[in-house]
Amino acid sequence: MELDLAGAELKAVLNRLRRAQGQISGVIRMIEEGRDCEEVVTQLAAASRALDRAGFAIIATGLQRCLTDIEDGRRSGEDRDEMRSRLEKLFLSLA
């Protein structure tokens, strides 16, 4: 399954990943500075959510493409079942 994000989808995913990257850098800095455990964990949880949301956005794009292919008749029943299984595995990997 190819990753084919375009326009607003691509921008949204990249923004989430950049946000997570900044939050992870912040967590590293906080640990190096010996900051409060609660603050560190709160920031780490925010980074984790940003990564999860980026992953879900990518999976949603794949699901949308798969459904479009089915509607347009570009996928056979076997292909649909295989794609459904692959998307389900991806989704569950983030759950």
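Under an unreviewed UniProt entry, the protein chain has the name Transcriptional regulator and belongs to Streptomyces tirandamycinicus. The annotation that UniProt attaches to the protein chain under Sequence similarities (unreviewed entry) is "Belongs to the CsoR family."

With that settled, consider the overall build of the protein chain. Scanning the protein chain from N- to C-terminus turns up 3 helices and 0 strands. Helices (α) and strands (β) of the protein chain occur, in sequence order from the N terminus, as α-α-α. Counting every position in the protein chain, which comprises 95 residues, the buried fraction comes to 21%. Total accessible area computed for the protein chain in this model is approximately 6,900 Å², and 53% of it derives from carbon and sulfur atoms.

Take a nonpolar patch on the surface next. Taken together, the side chains of Leu-10, Leu-14, Leu-17, Ile-24, Ile-28 and Leu-51 make up a nonpolar region of the molecular surface, amounting to roughly 440 Å² of accessible area. Take the nonpolar patch: its biggest share by element is 5 residues, from helix H1 (residues 7–32). Within the secondary structure layout, Leu-51 lies in helix H2 (residues 37–71). Its relative accessible area of 39% is what places Leu-51 among the partly exposed residues.

A few words now on the pattern of salt bridges. Two side chains that carry opposite charge are able to pair once their charged atoms sit near each other. Tallying each qualifying case throughout the model produces 2 salt bridges. With a shortest N-O distance of 2.9 Å, Glu-39 and Arg-35 are connected by a salt bridge.

Residue position: Asn-15 is located in helix H1. According to the relative accessible area criterion, Asn-15 is partly exposed, its value standing at 36%. C-alpha of Asn-15 to C-alpha of Ala-54: the two residues are 39 residues apart in sequence and 8.7 Å apart in space.

This part is about the side chain of Gln-23. Looking at where Gln-23 falls in the secondary structure, it is placed in helix H1. Here Ala-47 takes part through its backbone nitrogen, which lies 3.4 Å from a polar atom of the side chain of Gln-23. Sequence-distant contacts of Gln-23, defined by excluding residues within four places in its chain, comprise Gln-43, Ala-46, Ala-47 and Ala-50.

Turning our eyes to something else, we now look at the confidence of the model for the protein chain. Per-residue confidence for the protein chain gives a mean pLDDT of 82, with 81% of residues at or over 70. Between the elements of the protein chain, mean pLDDT differs from a low of 76, seen in helix H3 (residues 77–94), to a high of 90, seen in H1.

Definitions and limits used
- Residues numbered from 1 in each chain as written.
- Predicted model: local features only at pLDDT ≥ 70, side-chain atom pairs only at ≥ 80, totals over all residues.
- Heavy atoms only, no water.
- UniProt positions renumbered as here; feature names shortened; annotations may be inferred.
- Helix = DSSP H or I, 4+ residues; strand = E, 2+ residues; numbered from the N terminus.
- Buried < 20%, exposed > 50% of the residue type's maximum accessible area, 1.4 Å probe, protein only.
- Areas by Shrake-Rupley, 256 points an atom, 1.4 Å probe, with all protein chains shown as cover.
- Patch = residues over 30% accessible without salt bridge, like charges linked within 9 Å, V, L, I, M, F, W, Y side chains within 5 Å.
- Salt bridge = Lys/Arg side-chain N within 4 Å of Asp/Glu carboxyl O.
- Polar contact = N/O pair within 3.5 Å; in protein donor to acceptor, adjacent residues only side chain to side chain.
- Contact = heavy atoms within 4.5 Å.
- pLDDT = per-residue confidence, 0-100.

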